[in-house]
Amino acid sequence: MVFTEYIKQRLKHKYFLTRYRNVVKIRYIGLAFTPLLSYFNGPFSLTRGGSLNGNCKWTGTGWTVEVLHSRAGVSTTILISVGSGERLLLDCGDGTLRDLLNREVDPKRIAGVLISHGHFDHVGGLHPVLGFIRMVGRNSDFFVVAPEGSFEDRLIIKAFTEAYGGTIPFNINRREVREGAELELAGIKIIPFGVVHHGSTEMEGIGPRLPSLGYKLFYNDERVIYTGDCGLDSGLEKHIQGVNLAIIEATLDEPGGELEAKVHLSIESARRIAEPAETAFIIHRPGGAAPKKVTR
Ligand SMILES: [Zn+2]
Ligand SMILES: [Zn+2]
């Protein structure tokens with residue numbers, strides 16, 4: 001190697017190291033300021049308690065609720081675990097099976113999934129979960145609860161049952177429900193409520209309203225609410241009073257307009273709506289933004 005080239009490489013290396021050290025410093029400064037940011041956050045203390053892959057976990061009396069993953073337009077999956085060992089999923093986005101196995105959760109113990117709506121980031125992980133529990137020989141019913149009129153999960157189940165015919169050792173018990181239709185799964189009382197959520201793509205802009213539900217869960221005198229994807233027109237405020245945990249979507253960085261009314265909440269509105277809740281997880285953030293935990 002010519003000497004000048006060697007010097008150039010050394011300098012490059014040094015430059016890289018300096019940059020790396022600065023990144024590390026900035027990170028530390030960021031960490032140091034986090035409690036201050038929390039302090040100035042008004043009535044809430046905002047903890048950056050989440051990463052994209054979890055750490056948004058709430059523990060109630062005899063049950064836990066954990067956001068396994070949530071990222072707008074990619075995947076949302078929430079795991080409910082009760083003391084008896086039974087589990088329930090709220091939505092079932094891509095990566096659900098991987099996230100369950102990473103946490104050593106036995107997919108055979110999952111009673112079923114409550115689907116908020118048929119968008120791919122909420123149902124994309126259903127086929128692998130069904131495939132896995134077929135492979136390991138589950139023989140009890142797997143429940144799929146979906147909003148009346150939704151079809152995406154039905155088509156996934158149809159493809160799965162057509163592909164594997166008579167070799168599925170369990171029954172897929174799919175139910176379409178509407179607002180107020182009370183049911184019970186894994187010992188949890190469930191009451192769905194209607195929310196306003198329209199499709200939205202680059203090509204069509206704001207599309208038609210979709211069959212979409214949020215879910216209220218009751219267990220041991222505690223209440224958890226999950227909004228699914230929803231616009232401001234959903235009037236969520238009436239559902240939040242007195243809840244122990246609210247899991248609220250906040251896809252938009254800026255409030256206002258038709259997009260917020262009909263498609264997704266902004267972070268500002270989500271935080272305002274979350275105010276009466278004892279604890280709130282603000283999820284379904286875009287890009288690399290992590291879910292946020294908000295506690296009173
Ligand atoms: Zn979504
Ligand atoms: Zn959606």
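### Digging into the overall build of the protein
Along the backbone of the protein there are 8 helices and 17 strands. The burial tally for the protein puts 38% of its 296 residues in the buried class. Look at the contacts in the protein between residues 6 or more apart in sequence, and 57% of them connect residues 24 or more apart.

### Notes on the confidence of the model for the protein
When pLDDT is averaged along the protein, the result is 84; 80% of the residues meet or exceed 70. For the stretch residues 1-54, pLDDT sits under 50, and the model shows 38 contacts to residues farther than four places along the chain or on other chains.

### Remarks on the environment of valine 82
With respect to the helices, strands and loops of the structure, valine 82 is situated in strand β4 (residues 75-82). Residue classification places valine 82 among the partly exposed residues on the basis of 18 C-beta atoms within 10 Å. A sequence separation of 104 residues divides valine 82 from alanine 186, and the C-alpha atoms of the two residues are 7.5 Å apart. Every residue in contact with valine 82, bar those within four places of it in the chain, is listed here: Gly62, Trp63, Ala186, Gly187, Ile188 and Tyr219.

### Describing the sheet that holds β4
Adjacent strands of a sheet form backbone hydrogen bonds with each other and so pair up, either parallel or antiparallel. Taken in spatial order, the 7 strands line up as β2-β3-β4-β5-β6-β7-β8 in an open sheet, and their pairing is mixed. Each edge of the open sheet is held by one strand with a lone partner, namely β2 (56-59) and β8 (172-177). Taking each pair of neighbouring strands and ignoring which way they run, the sheet shows an average axis angle of 15°. Alignment of β4 against strand β5 (residues 87-92), held across 5 bridges, turns out to be antiparallel. Residue pairing across strands places threonine 77 opposite cysteine 92, the latter belonging to β5.

### A few points about the packing of helix α4 (residues 126-135) against helix α5 (residues 152-164)
Running from N to C, α4 and α5 point in directions that differ by 35°, and their axes come no closer than 10 Å. Note on packing geometry: the crossing formed by α4 with α5 is right-handed. Contacts from Leu126, His127, Leu130 and Arg134 of α4 reach α5 at Asp153, Ile156, Phe160 and Tyr164. Residue composition of the contact of α4 with α5, grouped by class: 5 nonpolar, 1 polar and 2 charged.

### Examining the nonpolar core
One finds Ile78, Ile80, Ile247, Ile248, Ala274 and Ile282 to be the most contacted residues of the largest nonpolar core, which totals 59 residues. When residues no more than four places from it in sequence are discounted, the contact partners of alanine 274 are Ala246, Ile248, Ala280, Ile282 and Val294.

Reading guide: rules and limits
Residues numbered from 1 in each chain as written. Chains lettered and ligands numbered in written order. Predicted model: local features only at pLDDT ≥ 70, side-chain atom pairs only at ≥ 80, totals over all residues. Helix = DSSP H or I, 4+ residues; strand = E, 2+ residues; numbered from the N terminus. Buried ≥ 20, exposed ≤ 12 C-beta atoms within 10 Å, placed from the backbone. Contact = placed C-beta atoms within 7 Å. pLDDT = per-residue confidence, 0-100. Pairing = 2+ DSSP bridges. Axes fitted to C-alpha atoms, helices over the stretch in contact; angles between N-to-C directions. Left-handed = near helix turned anticlockwise from the far one by under 90°. Nonpolar A, V, L, I, M, F, W, Y, C, P; charged D, E, K, R; others polar. Core = buried A, V, L, I, M, F, W, Y, C linked by C-beta atoms within 7 Å.

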